Amino acid sequence: MSGTRSDGELLRAIAADADRRAFEELYRRYAPWLTARLRGRCADPSVVDDVVQETFLAVWRGTARYRETTEDGVPADAAGWLWRIGSRRLIDAVRGDGARGRLRQALARLRHRDEASAEERVLAGVEHGDLAGALVRLSPELRAVLQATVIDGLTTREAAVLLGIPPGTVKTRAMRARKQLREELA
């Protein structure tokens, strides 16, 4: 049998025994992945590094609680759980920058591309059009699905893990959000 422990075993050891080896293994397993994902949302590497550290500190201190199954009884995904913690901490870290700061970050990431990405177009619309008002009028649940699927570029399954809802619900909410935005912007 391999000496590699499952994510669940590592997280149980960290929570129950403050097992430093388990924590180090979890960190080695997920810190590079989390860093790469967060850098897709933030152009400032120092902010990303701070957020990754804060995420793993929350795991170590036990302020973030991992449940091995979702409310639906589906096995939980440690990567999705860590992403949820990290993305929320990143939002908190950049929230004070305002829309212009977020737009500058998005543009800095994309400066080597010839065509504008969907995110760049959305952020430009927030700055210059009625899109901001239309987005504000969406329910928090619909905005969260748009954030995960459009801005973060997650798949339906990844968004479901991130938001803690079934994939079918992600699809339904995305469809409702697009319909509402089309109606408001027409």
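Please refer to the structure higher up on the page.
Residues numbered from 1 in each chain as written. Predicted model: local features only at pLDDT ≥ 70, side-chain atom pairs only at ≥ 80, totals over all residues. Heavy atoms only, no water.

Participant: How do you make sense of the side chain of Thr55 when you look at a structure like this?
Facilitator: Mapped onto the elements of the fold, Thr55 is located in helix H3 (residues 45-61). A polar contact is formed between the side chain of Thr55 and the backbone oxygen of Val51, at a distance of 2.8 Å. What Thr55 contacts, discounting residues up to four positions off in sequence, is Leu34, Leu82, Ile85, Gly86 and Arg89. (Helix = DSSP H or I, 4+ residues; strand = E, 2+ residues; numbered from the N terminus. Polar contact = N/O pair within 3.5 Å; in protein donor to acceptor, adjacent residues only side chain to side chain. Contact = heavy atoms within 4.5 Å.)

Participant: Quick question: what am I supposed to make of unusual backbone geometry here?
Facilitator: Across residues other than glycine, the phi torsion is negative in most instances, and most of the peptide bonds are trans. Non-glycine residue Ala18 carries a positive phi angle of around 50 degrees. By secondary structure assignment, the location of Ala18 is in the loop between helix H1 (7-17) and helix H2 (20-39). Take Ala18: its relative accessible area is 43%, and that puts it in the partly exposed class. (Buried < 20%, exposed > 50% of the residue type's maximum accessible area, 1.4 Å probe, protein only.)

Participant: Help me out: how do you make sense of the environment of Ala58 in this one?
Facilitator: Its place among the elements puts Ala58 in helix H3. With relative accessibility at 2%, the residue Ala58 sits in the buried group. In sequence terms Ala58 and Gly86 are 28 residues apart; their C-alpha atoms lie 9.8 Å from each other.

Fair warning: the whole summary comes from geometry, so function is off the table for now.
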